[in-house]
Structures are given as structure tokens and as C-alpha cells.
Amino acid sequence: VQLTFLQTKTHDTTHTPQEHMKAFYKTFDAVRNERFDGMIITGAPIEDLDYEDVDYWNELCEIMDYSRENVYSTIHLCWGALAGLYYHFGVRKVHLPEKMFGVFPHAVLQKNVQLLRGFDDRFYAPHSRHSEVRRADIEQVPNLKILTESPQAGVHIVANTNGRQYFITGHLEYDRMTLACLLYTSPSPRD
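Caption draft 1: Quick peek at helix H4 (residues 79-89). Where burial is concerned, most of H4 is hidden: 9 out of the 11 residues are buried. For H4, the full list of buried residues reads Trp 79, Gly 80, Ala 81, Leu 82, Ala 83, Gly 84, Leu 85, Tyr 86 and His 88. Just past H4, the residue Gly 90 takes up positive phi, approximately 75 degrees.

Below, the structure written as C-alpha cells:
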């Protein structure tokens, strides 16, 4: 597997040294003439902002346009899933009254999907977000199908009907103990 890491040129990271970013990441301009087998579009904890208020939104839209023609399969994760569903299909995010945080049971609704091979009919997946997309809004889009969902966490994995775009509202990329570590590292009452 050959990985290419992308960064936006219109936003400077604040949590990673610029030297690291320059050494290991490329900008979209450096790869726009290449083709890729896959792309993962993630996000940041900026769910309270309207998409158009995100300083790199226009650049991200350009990357998402590019992914339709130049990438065989794209996975959008967490905020990236919400942004991708909005940009490609007009599905709006809904702010939650409190943060959706934890590991929840999910059901596989579409059993013959390549992405879900090896999944049990019921599985657990972590979520950590302040917004969601609603089933009723996704069902209004003929080119989308809901693959997995949870009674507690709602819609989880959505795919376009050609199977080349996936939108995962949770965090399947997390190690099974990631949220457990976050739950047990809060400051003691003495701090």
C-alpha cells in the first residue's frame, strides 16, 4: 500500500508542527493530476460551524469533486461524512442537544455490501460527535442507502448506490479501547 497524506493549503494546523506537515503531507495542487484507488476524508471537531464558515470549505469541495472522477472508492469519516453527505447530496446535519459519545450496538441493514463483509449482523461501534444526519433526510435521496444504524446513535454507514462513496458517521477507525481511555482519563476531583 502506498499512502499519500493530504493537507489543505488554506488552513494551517495548530496541533501538529508545520515541519512535520511539510515533510509528510502534500497539498491538493500536488496530486490533482493523479488517480487513486481510495481516499479517506476525515474532519475536525468543528461541527458547530456551518460548512460554508469553515476556512477550508471551498478547497474541501474541490477535493470532493475530484474524488468523484479520480478516486475509485472514497470513505468519509465523522465530520467528513456529514460534510460529504451535505456537499454531494444536500443532506443537512442536525445539531444534537448533547454530545453523542460512547460505544453503541448497530445493525447491518444491507448484507451484501463489500465494505461490510465479515461484519456480524449486530456489532458495536464508537461515536463521538455533536451532530447527526437523519434517516428521513437520507431516504429522500434516491442515490443513497443506509447500510448500518443504531437505535441509540442513529444512522451510521451510508453508501451511494454505485458503491464508490461511503459515509461513516462514527469512528470505525478507533482502536477498541480509544473511548475507554478517554472515559477514564478525566481529572481527579483534587485537580
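Caption draft 2: Focus on the side chain of Thr 148. As for its placement among the helices and strands, Thr 148 is situated in strand S7 (residues 144-150). In terms of polar contacts, Thr 148 uses its side chain to reach the side chain of His 156, at 2.9 Å. At 3.1 Å, the side chain of Thr 148 forms a polar contact with the backbone nitrogen of Ile 157. Excluding residues that lie within four positions of it along the chain, Thr 148 makes contacts with Ala 107, Val 108, Leu 109, Leu 116, Phe 123, Val 155, His 156 and Ile 157.

Caption draft 3: How the structure looks around the nonpolar core. Ranked by internal contacts, the top residues of the largest apolar core, which has 31 residues, are Trp 57, Leu 60, Trp 79, Ile 138, Leu 144 and Val 158. Looking at this core, the elements that each hand over two or more residues are helix H2 (28-31), strand S3 (36-41), helix H3 (57-70), H4, S7 and strand S8 (154-160). Excluding anything up to four places from it in sequence, Leu 60 contacts Ile 41, Trp 79 and Ala 83. Residues Leu 77, Val 108, Ala 125 and Tyr 166 belong to the second largest nonpolar core, which totals 11 residues.

Caption draft 4: Structural view of the sheet that holds S7. The 7 strands lie next to each other as S3-S4-S9-S8-S7-S5-S6, forming an open sheet whose pairing is mixed. The open sheet is flanked by S3 and strand S6 (122-132), the only strands paired with a single partner. Averaged over all pairs of adjacent strands, the angle between strand axes in this sheet comes to 25 degrees, irrespective of strand direction. Looking at chain direction, strand S5 (residues 94-108) and S7 are connected through 2 bridges and run antiparallel. Bridge pairing in S7 links Val 108 to Thr 148. Packed onto the sheet, H4 meets S3, strand S4 (71-77), S6, S7, S8 and strand S9 (165-168) and runs at close to 130 degrees relative to S9.

What counts and how
- Residues numbered from 1 in each chain as written.
- Predicted model: local features only at pLDDT ≥ 70, side-chain atom pairs only at ≥ 80, totals over all residues.
- Heavy atoms only, no water.
- Buried < 20%, exposed > 50% of the residue type's maximum accessible area, 1.4 Å probe, protein only.
- Helix = DSSP H or I, 4+ residues; strand = E, 2+ residues; numbered from the N terminus.
- Polar contact = N/O pair within 3.5 Å; in protein donor to acceptor, adjacent residues only side chain to side chain.
- Contact = heavy atoms within 4.5 Å.
- Core = buried A, V, L, I, M, F, W, Y, C linked by side-chain atoms within 4.5 Å.
- Pairing = 2+ DSSP bridges.
- Axes fitted to C-alpha atoms, helices over the stretch in contact; angles between N-to-C directions.

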